[in-house]
Amino acid sequence: MKDKFTKLTTTGVPLPNENVDTDQIIPARFLKATTREGFGDNLFRDWRYDSDNKPVKDFVLNNPKYSGKVLVGGKNFGCGSSREHAAWAIYDFGFRVVVSSFFADIFKGNALNNGLLPVVVSDAFLKDLLAATEKDPATKIEVDLPAQTIAFGAKKETFEINVYKKECMINGYDDIDYLLSLRGEIKEFDVAHA
């Protein structure tokens with residue numbers, strides 16, 4: 001069982017870099033753990049810290065004026081290897097939504113399987129959202145999963161999501177929880193066809 005997701009209104013963190021790959025999200029040298037916890041500590045490790053392990057002052061995650069549960073990324077977010085740890089790291093850091101105009105398919109699937117909502121928007125909407133969050137870190141972003149909308153200021157856009165994954169996220173189900181939720185229907189079918 002994961003956290004349920006219906007609506008979220010929060011601020012966002014702008015990361016306009018394009019082609020962010022999974023090794024940048026969580027470098028391979030940090031993939032030794034066998035549980036999902038603790039990966040957020042090394043999210044964007046090589047961008048957040050210098051070679052002396054000191055925070056890089058101008059990296060957005062080190063800037064206290066930016067916070068919130070929405071990571072606003074550039075185009076082609078999550079490309080590269082198929083490591084599920086990338087979704088774990090983003091979720092463990094505290095983000096619940098990643099916005100981009102394009103996600104690598106494997107990253108998108110891993111995100112959905114781990115309670116992280118990847119929201120695909122148009123290039124124009126993404127450009128405006130990045131500009132708004134960079135200009136005003138207090139910009140509120142509303143993500144409504146049942147309605148499949150994302151909005152900020154006067155701008156609003158719909159997004160697509162697999163019906164099954166949507167139901168799982170709204171109810172906080174993983175694949176097993178979803179099957180267990182159908183126990184009654186399965187039992188009825190079994191009785192009717194015995």
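Refer to the structure above for everything that follows.
Small disclaimer: the values here were computed from a predicted structure and weren't measured.

1. Some details on the environment of Ile-90
Note on placement: Ile-90 falls in helix H3 (residues 85-93). As a C-alpha pair, Ile-90 and Ile-26 span 64 residues in sequence and 8.8 Å in three-dimensional space. If near-sequence neighbours (up to four positions away) are discounted, Ile-90 is found in contact with Ile-25, Leu-43, Phe-77, Phe-95, Val-98, Phe-107 and Leu-116.

2. Some thoughts on the pattern of salt bridges
For the coordinates displayed, the defined rule picks out six salt bridges. One salt bridge in this structure joins Asp-144 and Lys-7, with 3.6 Å as the shortest N-O distance. Here Asp-144, found in strand S6 (residues 141-144), pairs with Lys-7, found in strand S1 (residues 7-10); they are 137 residues apart in sequence, far enough to count as distant. By relative accessible area, which is 56% here, Lys-7 ends up exposed.

3. Overview of the sheet that holds strand S5 (residues 117-120)
With respect to topology, four strands assemble into an open sheet ordered S2-S3-S4-S5, the strand pairing being parallel. Every other strand in the sheet has two partners, leaving strand S2 (12-15) and S5 as the edge strands with one partner each. Along the sheet, successive strands turn relative to each other by an average axial angle of 20°, direction set aside. In this sheet, strand S4 (residues 97-100) lies alongside strand S3 (residues 70-73) in parallel orientation, the contact comprising three bridges.

4. Comments concerning the nonpolar core
Counting residues in hydrophobic clusters, the biggest one holds 28 residues, and the most contacted among them are Ile-25, Phe-44, Phe-77, Ile-90 and Phe-107. Elements supplying a minimum of two residues to this core: S2, H3 and helix H4 (105-113). The next biggest cluster of nonpolar side chains, apart from the first, holds 23 residues, and it includes Val-97, Leu-112, Leu-130 and Phe-152.

5. Considering the sheet that holds strand S7 (residues 149-152)
On the basis of which strands lie adjacent, the open sheet formed by four strands has the order S1-S6-S7-S8 and antiparallel pairing. Where the open sheet ends on each side, the last strands, each with one partner, are S1 and strand S8 (155-158). Taken over all neighbouring pairs, the strand axes of this sheet differ in orientation by 10° on average, direction set aside. In this sheet, S8 lies alongside S7 in antiparallel orientation, the contact comprising four bridges. The residue bridging Phe-152 from the neighbouring strand is Lys-155, located in S8.

Each value, and the rule that gives it
- Residues numbered from 1 in each chain as written.
- Predicted model: local features only at pLDDT ≥ 70, side-chain atom pairs only at ≥ 80, totals over all residues.
- Heavy atoms only, no water.
- Helix = DSSP H or I, 4+ residues; strand = E, 2+ residues; numbered from the N terminus.
- Contact = heavy atoms within 4.5 Å.
- Salt bridge = Lys/Arg side-chain N within 4 Å of Asp/Glu carboxyl O.
- Buried < 20%, exposed > 50% of the residue type's maximum accessible area, 1.4 Å probe, protein only.
- Pairing = 2+ DSSP bridges.
- Axes fitted to C-alpha atoms, helices over the stretch in contact; angles between N-to-C directions.
- Core = buried A, V, L, I, M, F, W, Y, C linked by side-chain atoms within 4.5 Å.

By themselves, these figures tell us nothing about what the structure is for.
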